[in-house]
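Letter by letter, the chains look like this.
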Amino acid sequence: MKDPVRIAITGGAGQISYSLIFRIAAGDMLGPDQPVILQLLEIPQAMEALNGVVMEINDCAFPLVRDIVATDDPNVAFKDIDYGLLVGSKPRGPGMERKDLLEANAAIFSVQGKALNDHASRDVKVLVVGNPANTNALIASCNAPDLDAGQFTAMTRLDHNRAMTQLAQKTGRHVNDVESLIVWGNHSATQYPDISQCRVDGKPALELVERDWYESDFIPTVQQRGAAIIKARGASSAASAAAAAIDHMHDWALGSDGIVSMSIPADGSYGIEEGIIYSYPVRCKGGSYEIVQGFEIDAFSREKMQATENELREERAAVEHLLG
Ligand code: NAI
């Protein structure tokens, strides 16, 4: 057996964590031979609920779980962690403007960025799930100057997985047959799920579906899927978000099969401005990721990629004063 790794999960008493923690504990993220120490963070008002979650983890008698820390102090939760899954965030309250939401979360993620900077392992891999995820990741990263910006990522894997299934179902194939699907940009309704590079069972996707379905059905369905789940379930996506977080971290740590979408610091690739966290096509290998270069971008894609880039720039401008 390997030495245990330390994994922090914030928002430990929330809906996503109620699925995520148990799957990590079962070995779904890092494999069946990787023991884990779970370091769970909550706000003081939710500590009792978090203690209930800890009781349930204990009651599972997971062979891989070596220890559990439950705390409301980010400096304790992030101590020596190898992986940080930042799920907890402040939800939009009644009458709250987008700017207020950005600011409320900016306050949380600047504190957590500093705590990561001061206490996490120097090789920590951070995934921000809590919304607005891309800009929250940017704030955490800017407040962690001793860590590399590339260690901070945000989750667009749920959008990627949603898009994979929509396309597989439309073409009557399985998700395993879909290659090179890309989600560009922000985890929001401006994201651009792009099938122009995609192959299904080896054939170009755009030769298998009508253009009108792609533009008027597929793209909005993927962009609005979160709202559709809330309408149907009366609660937001939780198990599928947890599954996507597992996929993101699994692939980053252990390698991906083909191309996946990850929100990472833009480096100018594909003409996207540096200084925002933007979803790109990446390949993961040996514990790191690399942007897949060389796709030809047509005018339709360019416009969509820029629209979501503009939204991320506006979000950044709204929290500029908190960027450290
Ligand atoms: P939830 O409301 O059930 O749980 C959030 C938990 O975070 C709560 O227990 C709350 O007490 C805790 N929390 C709040 N502030 C915190 C802080 N400063 N430190 C530690 N914990 C804190 O929400 P749920 O359903 O688990 O979703 C969590 C977040 O994930 C939301 O922001 C949601 O919008 C986002 N999300 C992101 C997705 C993505 O694809 N990137 C997909 C689905 C949800």
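The chain is annotated in an unreviewed UniProt entry as Malate dehydrogenase from Halomonas piscis. The chain has a UniProt comment under Catalytic activity (unreviewed entry) that states "(S)-malate + NAD(+) = oxaloacetate + NADH + H(+)". The record in UniProt for the chain states the following under Sequence similarities (unreviewed entry): "Belongs to the LDH/MDH superfamily. MDH type 2 family."

J.: How should the site of the ligand be read in this particular structure?
T.: Near the ligand lie 23 residues; those nearest to it are Gln15, Ile16, Glu42, Ser89 and Asn131. Within the backbone of methionine 155, an N or O atom sits 3.3 Å from a nitrogen atom of the ligand. Histidine 187 places a side-chain nitrogen or oxygen 3.2 Å from an oxygen atom of the ligand. Bound to the protein, the ligand loses 81% of the 860 Å² it would expose on its own. Where the shell around the ligand is concerned, the elements lending two or more residues are α1 (15-25) and α4 (98-119). The residue makeup of the shell around the ligand, split by class, is 11 nonpolar, 11 polar and 1 charged.

J.: When you look at the packing of aromatic side chains in this model, what are you seeing that I'm missing?
T.: Aromatic rings in a pair are described by how distant their centres are and how their planes are angled relative to each other. Under the counting rule described, the total for this entry stands at 11 aromatic pairs. Centre to centre, the rings of tyrosine 192 and phenylalanine 300 are 6.1 Å apart; their planes meet at 75°, and the pair counts as edge-to-face. With tyrosine 192 in strand β9 (residues 192-194) and phenylalanine 300 in helix α10 (residues 299-318), the pair connects residues that are 108 residues apart, well separated along the chain. Residue classification places tyrosine 192 among the buried residues on the basis of a relative accessible area of 0%. Among the aromatic side chains, those forming a connected cluster through ring pairs are Tyr192, Trp213, Tyr214, Phe218 and Phe300.

J.: How should the sheet that holds strand β7 (residues 178-179) be read in this particular structure?
T.: The strands making up a sheet are joined through hydrogen bonds of the backbone, oriented either antiparallel or parallel. Reading across from one edge, β7-β10-β11 is the order of the 3 strands in this open sheet, with antiparallel pairing throughout. Edge positions in the open sheet fall to β7 and β11 (203-204), since each of these has one partner strand only. Summarising the sheet, strand β10 (residues 199-200) and β11 pair through 2 bridges and their orientation is antiparallel. Residue valine 200 lies in a different strand from β11, and its bridge partner there is lysine 203.

What counts, and at which threshold
Residue positions within a chain follow its written sequence, with the count starting from 1. Local features in a predicted model are, by the rule used here, given only for residues with pLDDT of at least 70; side-chain atom pairs are given and counted only at 80 or more, and totals for whole chains, interfaces and linings are based on all residues. Remark: hydrogens and water are excluded; side-chain values derive from all non-hydrogen atoms of the structure. UniProt positions are given in the numbering used here, feature names are shortened, and annotations may be inferred rather than shown by experiment. Definition of nearness: a residue and a molecule or strand are near each other if at least one heavy atom of the residue lies within 4 Å of the molecule or strand. In protein, a polar contact requires one atom able to donate a hydrogen and another able to accept it; more generally it is a pair of N or O atoms within 3.5 Å, and residues adjacent in sequence count only if both atoms are side-chain atoms. A 1.4 Å probe and the Shrake-Rupley method give the accessible areas. Residues count as covered only by the protein chains that appear here. In this text, helices come from DSSP runs of H or I with a minimum length of four residues, and strands from runs of E with a minimum of two, each type numbered from the N-terminal end. Charged residues are taken to be Asp, Glu, Lys and Arg, nonpolar residues to be Ala, Val, Leu, Ile, Met, Phe, Trp, Tyr, Cys and Pro, and polar residues to be all remaining types, Gly included. Two rings from Phe, Tyr or Trp (for Trp, the six-membered ring) form a pair when their centres sit within 6.5 Å of each other. Planes less than 30 degrees apart are called stacked, planes more than 60 degrees apart edge-to-face, and all others tilted. Under the scheme applied here, a residue whose accessible area is under 20% of the maximum for its type counts as buried, over 50% as exposed, and between as partly exposed, the area being computed with a 1.4 Å probe on protein chains only. We treat two strands as partners when DSSP finds at least two bridges between them.

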